[in-house]
Amino acid sequence: QVQLVESGGGLVQAGGSLRLSCAASGRTFSTYDMGWFRQAPGKEREFVATISWSGGSTYYADSVKGRFTISRDNTKNTVYLQMNSLKPEDTAVYYCAAGVTVVSNTKYDYWGQGTQVTVSS
């Protein structure tokens, strides 16, 4: 079992930055691939970024590529999402998730409760 708690959300002006954190419980954090997702009002949840269990591989949605950076510290059981050059369309509830990748397909079994990010224009 892995429990995930996100933090770091808030209100920021367009062009600003935020860093989200996701703290995980359990001794097996370093064995999981981690992802960030977001869900805006009235929209489906969408993928934002993922990082492999070792931190050696990352992948981003086109909409955030070049602006967001995912990283992890396995000694602190924490994954981060650094968000720069924020846009109003980045407004959403952001969720972190833990999963396992099999044949290039990651199944996310554990989810946090989410943290709200609001970007004003």
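Now for a description of the structure that goes with this document. Each chain carries its own residue numbering, running from 1 in the written order of its sequence. Thresholds applied to this predicted model are a pLDDT of at least 70 for local features of residues and 80 or more for the giving and counting of side-chain atom pairs; totals over whole chains, interfaces and linings are not thresholded and use all residues. With hydrogens and water set aside, each side-chain value is computed from the structure's full complement of heavy atoms.

1. So, the state of the cysteines
Cut-off, in case you're wondering: The criterion for a disulfide is a pair of cysteine sulfur atoms lying within 2.5 Å. Only DSSP runs of H or I covering at least 4 residues are called helices, and only runs of E covering at least 2 are called strands; the numbering of each starts at the N terminus. The rule is simple: take the accessible area with a 1.4 Å probe, protein chains only, and divide by the maximum for that residue type; under 20% is buried, over 50% is exposed, in between is partly exposed.
Under the counting rule described, the total for this entry stands at one disulfide. Between the sulfur atoms of Cys-22 and its disulfide partner Cys-96 the distance amounts to 1.9 Å. In this structure the cystine formed by Cys-22 and Cys-96 twists about its S-S bond by roughly 45°; its chirality is therefore right-handed. Placement of Cys-22 in strand E3 (residues 18-24) and of Cys-96 in strand E9 (residues 92-102) is noted, with a sequence separation of 74 residues between them. On the basis of relative accessible area, Cys-22 is assigned to the buried category, the value being 0%. A relative accessible area of 0% places Cys-96 in the buried class.

2. Things to note about the nonpolar core
Rules: Think of a nonpolar core as a cluster: buried Ala, Val, Leu, Ile, Met, Phe, Trp, Tyr and Cys residues, connected wherever their side-chain atoms sit within 4.5 Å. Between two residues, a contact is recorded if the distance between any of their heavy atoms is within 4.5 Å.
If you look at the biggest cluster of nonpolar residues, it comprises 31 residues, and the most contacted ones within it are Leu-4, Met-34, Trp-36, Leu-81, Met-83 and Tyr-94. Looking at this core, the elements with two or more residues in it are E3, strand E4 (33-39), strand E5 (46-51), strand E7 (68-73), strand E8 (78-83), E9 and strand E11 (115-120). Discounting residues that sit within four places of it in the chain, Leu-4 has contacts with Cys-22, Ala-23, Ala-24, Met-34, Cys-96, Ala-97, Ala-98, Tyr-110, Trp-111, Gly-112 and Gln-113.

3. Notes on unusual backbone geometry
We note that Asn-77 has phi near 50°; this positive angle belongs to a residue other than glycine. Mapped onto the fold, Asn-77 is located in the loop between E7 and E8. Phi at Ser-104 takes a positive value of approximately 65°, unusual for a residue other than glycine. Of note, Ser-104 is situated in the loop between E9 and strand E10 (105-111). A relative accessible area of 77% places Ser-104 in the exposed class.

4. Topic: the packing of aromatic side chains
Any two aromatic rings considered together are summarised by their centre-to-centre distance and by the angle between their planes. Note the cut-off: Working definition: a ring pair exists when centres of Phe, Tyr or Trp rings (six-membered ring for Trp) sit within 6.5 Å. Plane angles under 30 degrees give stacked, over 60 give edge-to-face, the rest tilted. Charges are assigned to positions over rings by a cutoff of 6 Å between ring centre and Lys NZ or Arg CZ, combined with an angular limit of 35 degrees from the ring normal.
In the structure shown here, the tally under the stated rule is six aromatic pairs. Taken together, the ring pairs connect Phe-37, Phe-47, Tyr-59, Tyr-108 and Trp-111 into an aromatic cluster. Lying over the aromatic face of Phe-37, Arg-45 brings its terminal NZ or CZ to 6.0 Å of the ring centre. In this arrangement the basic side chain of Arg-45 is found over the ring face of Trp-111, its NZ or CZ atom lying 3.8 Å from the centre.

5. What about the pairing of E11?
Note the cut-off: When DSSP finds two or more bridges between a pair of strands, those strands are recorded as paired.
On E11, burial follows the alternation: Thr-115, Val-117 and Val-119 on one face are buried, whereas Gln-116, Thr-118 and Ser-120 on the facing-out side are not. Direction of pairing for strand E2 (residues 10-13) relative to E11: parallel, over a ladder of four bridges. Directly across from Gly-10, in E11, lies its bridge partner Val-117.

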